[in-house]
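Residues per chain are reported as follows:
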Amino acid sequence: MSELPFWIDVLAAVLVVVGVVFALVGSIGLAKLSDFLKRLHGPTKASTLGVGCVLIASMLYFAGTGRPALHELLISLFVFLTAPVSAHLLVKAAMRLDPRLRPPDPPAVTDVTSREPKRDAAR
Amino acid sequence: MNWLAAVLPWAIGGLALAMLLATWRLLRGPTLPDRILALDTLYVNSMALLILVGLRFDTELYFEAALVIAMLGFVGTVALSKYLLRGDIVE
């Protein structure tokens, strides 16, 4: 590890620390929040960002030691594509198991026909 | 002074703590989607942990393992959610 340039070393260390802090915050949110929909917020955003930071740090390190690789870009692209899909499916499954989680309908727009009485007549 | 080498053991410890919290939610979780979400978090964190271990031991061998964990974890999450959603996985 000694041949690494100084700025790549510092930048990779900062990215690793930021990524691990994000992953830790996501897991603390998963463990401590009170509702399933609240708990879903932590891991699906923070942990994905944390993994992204760690992957960028890994890319910097292997590019700095003269072995540039694109594996990390593949992994981060895959994670960023699949995290919203799995979160969406989890919310759908939770709403099917407990219909009270479903948000209330938006307020109905009343008297559409009376505000614009001539729309139907003009057709 | 080597900043990355100084930071890596603490980062690996923090990720292990995050995985412990996800495991706690996995074992405790009151509903089934909680447990699936905890598994999802667990595999994402284990992927980051594998990449950090690859940095620590200065090898590229762990990327393939992280990629396999990413793909199989996503497939597992989708299959479990689909099973809860429809009562069937392949319709």
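Throughout this description, residue numbers start from 1 for each chain and increase along the sequence as written. Whichever chain is written first is A, and whichever ligand is written first is 1; the rest continue in order. The predicted nature of this model means local features are confined to residues of pLDDT at least 70 and side-chain atom pairs, given and counted, to a pLDDT of 80 or more, with totals for whole chains, interfaces and linings taken over all residues.

### Points about the overall build of chain A
For helices the rule is a DSSP run of H or I covering at least 4 residues; for strands it is a run of E covering at least 2, with both sets numbered from the N terminus onward. Along the backbone of chain A there are five helices and zero strands. Each helix (α) and strand (β) of chain A, taken in turn from the N terminus, gives the series α-α-α-α-α. With C-beta atoms placed from the backbone, the exposure class of a residue follows from how many other C-beta atoms lie within 10 Å of its own: 20 or more, buried; 12 or fewer, exposed; in between, partly exposed. Counting all 123 residues of chain A, 39% fall into the buried class.

### A few points about the interface of chain B and chain A
Think of it this way: build a C-beta for each residue from its backbone, and any pair within 7 Å is a contact. Contacts between chain B and chain A engage 45 residues on the former and 46 residues on the latter. Within the residue set of the side of chain B that touches chain A, elements represented by two or more residues are α1 (3-28), α2 (32-56) and α3 (62-86) of chain B. The nonpolar class holds Ala, Val, Leu, Ile, Met, Phe, Trp, Tyr, Cys and Pro. Asp, Glu, Lys and Arg form the charged class, and all remaining residues, Gly among them, are polar. A class-by-class count of the residues in the side of chain B that touches chain A yields 31 nonpolar, eight polar and six charged.

### Here's the deal with α1 of chain B
Along an α-helix, residues three or four apart share an orientation, since each turn contains 3.6 residues. Given a helix with a known number of residues, its expected span is that number minus one, times 1.5 Å. With 26 residues, α1 of chain B extends 38 Å from end C-alpha to end C-alpha; this agrees with the ideal 38 Å at 1.5 Å per step. Those residues of α1 of chain B that fall on the buried side of the exposure criterion are Leu4, Val7, Leu8, Ala11, Gly14, Leu15, Ala18, Met19, Leu21, Ala22 and Arg25 of chain B. Of the surrounding secondary structure, the elements contacted by the buried residues of α1 of chain B are α1 (6-32) and α2 (36-64) of chain A together with α2 of chain B.

### Points about the confidence of the model for chain A
Caution is warranted with low-pLDDT regions, since their predicted coordinates should not be read in detail. Within chain A, residue pLDDT values average 84, and 88% of them lie at 70 or more. How sure the predictor is of each residue is captured by pLDDT, a score from 0 to 100. α1 of chain A holds the highest mean pLDDT among the elements of chain A, 92, whereas helix α5 (residues 118-122) of chain A holds the lowest, 52.

### A word on the nonpolar core
To form a nonpolar core, buried Ala, Val, Leu, Ile, Met, Phe, Trp, Tyr and Cys residues must be joined through C-beta atoms within 7 Å. Within the largest apolar cluster, 57 residues are counted, with the highest numbers of intra-cluster contacts made by Val16, Ala23 and Val54 of chain A together with Leu15, Ala48, Ile51 and Leu52 of chain B. The set of elements that each furnish at least two residues to this core consists of α1, α2 and α3 (71-97) of chain A together with α1, α2 and α3 of chain B.

### What to know about the packing of α3 of chain A against α2 of chain B
For helices, the axis comes from a line fit to the C-alpha atoms of the stretch in contact; other axes are also lines fit to C-alpha atoms, and the angle between any two N-to-C directions lies between 0 and 180 degrees. Their axes nearest at 9 Å, the elements α3 of chain A and α2 of chain B cross at an angle of 165°. Between α3 of chain A and α2 of chain B, the crossing angle belongs to the class labelled roughly antiparallel. The handedness of the crossing between α3 of chain A and α2 of chain B is left-handed. Side by side, α3 of chain A and α2 of chain B meet where Val79, Ser86, Leu90, Ala93, Ala94 and Leu97 of chain A of the first sit next to Leu32, Pro33, Ile36, Leu37, Asp40 and Val44 of chain B of the second. Residues that form the contact of α3 of chain A with α2 of chain B fall into these classes: ten nonpolar, one polar and one charged. Note on angle classes: values under 35 degrees are labelled roughly parallel, values over 145 roughly antiparallel, values of 65 to 115 roughly perpendicular, and the remainder oblique. Left-handed describes a crossing whose near helix is turned anticlockwise from the far helix through less than a right angle; right-handed describes the clockwise counterpart.

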